[in-house]
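One letter stands for each residue in the lines below.
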Amino acid sequence: MEALLDFARGPLFRLSFAVMALGLLRILIFDLYGAIEAYRRAGDKTMPWNLVMRRSAQWLLPINRAFKNRPAYSLISILFHIGLLLVPIFLFAHIQLWHKVIGISWLSLPKVVADYLTILTIICAVALLIGRVFNHSSSFLSRKQDYLWPLLLSMPFATGYICANVGVSPSVYQLSMMAHVLSGEIAFILIPFTKIAHCVLMPFSQLISTLAWKFPPGTDEDVATTMNKKGAPV
Amino acid sequence: MDMRTDKINAEERERAFVSLRKPEVVEKQKLHVRYHVEDYDAEDRPRAFLKAFAAILKHSSYRMALDHFIRMSAKCSRCATTCQVYQATGDLKDIPCFRSELLLSVYRRHFTMGGLLRGRALGTGHLTDDKIQEMAESFWNCTACRRCSMECPSGIDHGLIAHLGRYILSEIGIAPRALVVSTREQLEGKSGNTSAIPVPALIDTLEFLEEDMLEEKNVAIKFPMDVEGANYVFFPAVSDFLMEAETLMGIAAVFAATGDSWTTGTGYFDGINYGLFYSDRILERVVKKIDAETRRLKGKQVLIGECGHASRSAKYFLPTYCGGKDAFPVINIMEYTYEVWKEGRLVLDPTIVTQKVAYHDPCNIARQRWIIDQPRELLRAFCPNYVEMTPMGENNICCGGGGGTVSIDEIRPYRTTIGGKLKADQIRKSGCEILVAPCANCKKQLRELVEDQKIDCEVVGLHDLIYKAIVFDDSLKVKEEQPQEVAEEE
């Protein structure tokens, strides 16, 4: 068990983290390359930058915008995201690990805050899942991954909480630590290939949507030629 | 901003989805949709669809957007809360996100590496005839108002996806006949405009209106034709010449009051661009006609009349297809009128229009926050009983005939029971007696809507009211005897 745990926390962690980081970097590069290419080809290069920035900010910090429709869902979703981001990055134990490996550390959350945030995140994940199951339109749209993500993401939180707080026997500790590490790693590996890719693409959404309406000139001729319809009547 | 209304009932639904197409046509075209389609090659549609999709992807920038959208789609269903079509039908297939997924899934399966590999390995997910049928129906249920794009946390523009879906379908021959026939007349017909108005008839109509205005206002208000070097070359929705005389007279009256130079070109005078609704190729060709005519007349600016999609297709796509920042500047008539009013060159009498007036934002003008406050300020200045409808501005509710659907007469039952249901509720709630809708599409749809939904409300353009309220300088007044002389000369 000890050896397995070492493997999971060592090479396996490095691998999964690399898959996530490189995978996200890859799609980010593709995304921005596509945007630059579209801008280069666009016939009209004027961009409503103010509007793009304003709308991007509205959804990155959806304080006003989100509550106009489905306020409960919005509140839960926002709290969920806060916990999801803050706890893994600013947990004292995690920072210690990073410090050991790369020699860098940063401010950590007080343990009490981290604990409450952890519980809040789990509750929010469950609430989001319930909302998805019982909301008529949400459940109709949902794919498998939409149900699995809240479950998968609550796993590291629940097991991490057990490890940090419950005075249990060493074997139970090891088991929950194992589940904690593995579930986190599975999430890492899946992130670049699923909707969670929005964690890096989100800031560019309004830009992409706006840019998409900036068509390149000459598509009429080009598409007609490719389709073998050049000079064909309307 | 709660938009919940009563869902339509089964009977209304049946009425809305009634098809006028003959069963043998449906059989032959392999297409169960409510709008008429010209005959096309219905054999092996999936292959044709994919071929067209590939050609479009190759020469456009859609790939960038689709790549982004397939990664971002969180299926949160927030768009369902603002889609007026879904709010009216309650049919889950009308949720914008679901509609978009129809096309995104084809893209994912056939144009991404992962999709191709998975598809080959499992032998599933390939494009079928049924899916094309579903898209052909679904993309024309959408009014392309793009309200959902305002509400998507992931920033997905479902309007863009519906736009692309219609473009691909039209490349294989599935496009509403009403739009195709009009466009054919515009691009290849003798008249060169969507309403098939010959130039002599246009001149007659305008002379007739000039006489009318002289009689009513005692001012020689002109419609200048083919004036070279005019400041503004005017392109209204051409249907205005047949149906919106008051709007045109209002616009002419404003120019008479300010004395600015403007002109209508007899070479081309149609602002309508159905390309925006079903094909980027058509969009490009029609935009180029506006550019060519303005060049021919050595005009300085393109002036679009009261029409939402004409304004958007000129403002956003003249730079796209006709020279970027060197393209002719485009302004909407409301912007012009607002500016001259601000400068004090236009005087409006606040005692003429005393009824309860409300303003409807055309999607194509308001969604990008282009023109929202200007017409309101104008209306408040001379309509003492102005009332506001909410939501308004960039969050407005579409008239229900957007995206070209209003031109497809056979789907009127759909438009007035489902597409425009939310708008009808909004109009009723505002209690307005006059609804100002500065868009040819909106005017037609809203008139049909208030008729079918039995709402007592008159739908007019902004310049219809301005024409009523405009006060002319005494120096412009023609003397008592003169009207008859002018009439005799003509």
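Look up: the structure comes first, before these words.
Residues numbered from 1 in each chain as written. Chains lettered and ligands numbered in written order. Predicted model: local features only at pLDDT ≥ 70, side-chain atom pairs only at ≥ 80, totals over all residues. Heavy atoms only, no water.

Novice: Explain the overall build of chain A here, please?
Specialist: A tally of regular secondary structure across chain A gives twelve helices and zero strands. Scanning chain A from its N terminus toward the C terminus, one meets helices and strands in the order α-α-α-α-α-α-α-α-α-α-α-α. Here chain A has a C-alpha radius of gyration of 23 Å; the compact-globule value for 234 residues is 17 Å, and the former is much larger. Each of the three principal axes of chain A carries a C-alpha extent, and together these read 80 × 40 × 35 Å. Considering only intrachain contacts with a sequence separation of at least 6, the fraction spanning at least 24 residues in chain A is 72%. In the structure as shown, chain A presents an accessible area of about 12800 Å², 74% of it carried by carbon and sulfur atoms. Taken as two groups, the 20 positive and 11 negative side-chain charges of chain A have centres that lie 6 Å from each other. (Helix = DSSP H or I, 4+ residues; strand = E, 2+ residues; numbered from the N terminus. Rg over C-alpha atoms; globule rule 2.2 N^0.38 Å. Contact = heavy atoms within 4.5 Å. Areas by Shrake-Rupley, 256 points an atom, 1.4 Å probe, with all protein chains shown as cover. Lys, Arg positive; Asp, Glu negative; His and termini not counted. Charge placed at Lys NZ, Arg CZ, Asp CG, Glu CD.)

Novice: Even after reading the chapter, I still don't get the packing of aromatic side chains, so can you show me in this structure?
Specialist: Aromatic rings considered in pairs are described by the distance between their centres and by the relative angle of their planes. Within this structure, the stated rule accounts for 27 aromatic pairs over all chains. When the centroid spacing of 5.3 Å and the interplanar angle of 65° are considered together, the rings of Phe234(B) and Trp262(B) count as edge-to-face. Placement of the pair is Phe234(B) in strand E1 (residues 232-235) and Trp262(B) in strand E2 (residues 262-263), with a sequence separation of 28 residues. Each member of the pair, Phe234(B) together with Trp262(B), is buried. Arranged with centres 6.1 Å apart and planes meeting at 40°, the rings of Tyr338(B) and Trp341(B) form a pair that is tilted. Taken together, the positions of Tyr338(B) and Trp341(B), both in helix H18 (residues 333-342) and three residues apart, correspond to about one turn of that helix. An aromatic cluster is built from Phe223(B), Tyr232(B), Phe234(B), Phe255(B), Trp262(B) and Tyr336(B), whose rings are joined through pairwise contacts. One residue, Lys45(A), lies across the ring of Tyr39(A), its end atom 5.7 Å from the ring centre. The ring of Tyr73(A) has Arg70(A) sitting right over it, with the charged end atom 4.2 Å from the ring centre. (Phe/Tyr/Trp six-rings, centres within 6.5 Å; stacked < 30°, edge-to-face > 60°. Buried < 20%, exposed > 50% of the residue type's maximum accessible area, 1.4 Å probe, protein only. Lys NZ or Arg CZ within 6 Å of the ring centre and 35° of its normal.)

Novice: Could you clarify how one ought to interpret the sheet that holds strand E9 (residues 458-460) of chain B in this entry?
Specialist: In any sheet, the strands associate via hydrogen bonds between backbone groups, in a parallel or an antiparallel arrangement. All names here are of chain B. Read across the sheet, four strands follow the order E7-E6-E8-E9 without closing on themselves; strand pairing throughout is parallel. A strand with exactly one partner marks an edge of an open sheet, and here the two such strands are strand E7 (386-387) and E9. When strand E8 (residues 434-436) meets E9, the two strands line up parallel, connected through three bridges. Residue pairing in the sheet places Leu435 in a bridge with Val459 of E9. The strands touched by helix H20 (residues 373-382) are strand E6 (357-359), E7 and E8; relative to E6, the strand with the most contacts, the crossing angle is about 170°. (Pairing = 2+ DSSP bridges. Axes fitted to C-alpha atoms, helices over the stretch in contact; angles between N-to-C directions.)

Novice: Just to check I follow, could you spell out the environment of Gly250(B) for this structure?
Specialist: All names here are of chain B. Note on placement: Gly250 falls in helix H14 (residues 245-258). Along the backbone, Gly250 and Leu462 are 212 residues apart, and their C-alpha atoms lie at a distance of 8.4 Å. For Gly250, the contacting residues outside a window of four places in its chain are His463 and Tyr467.

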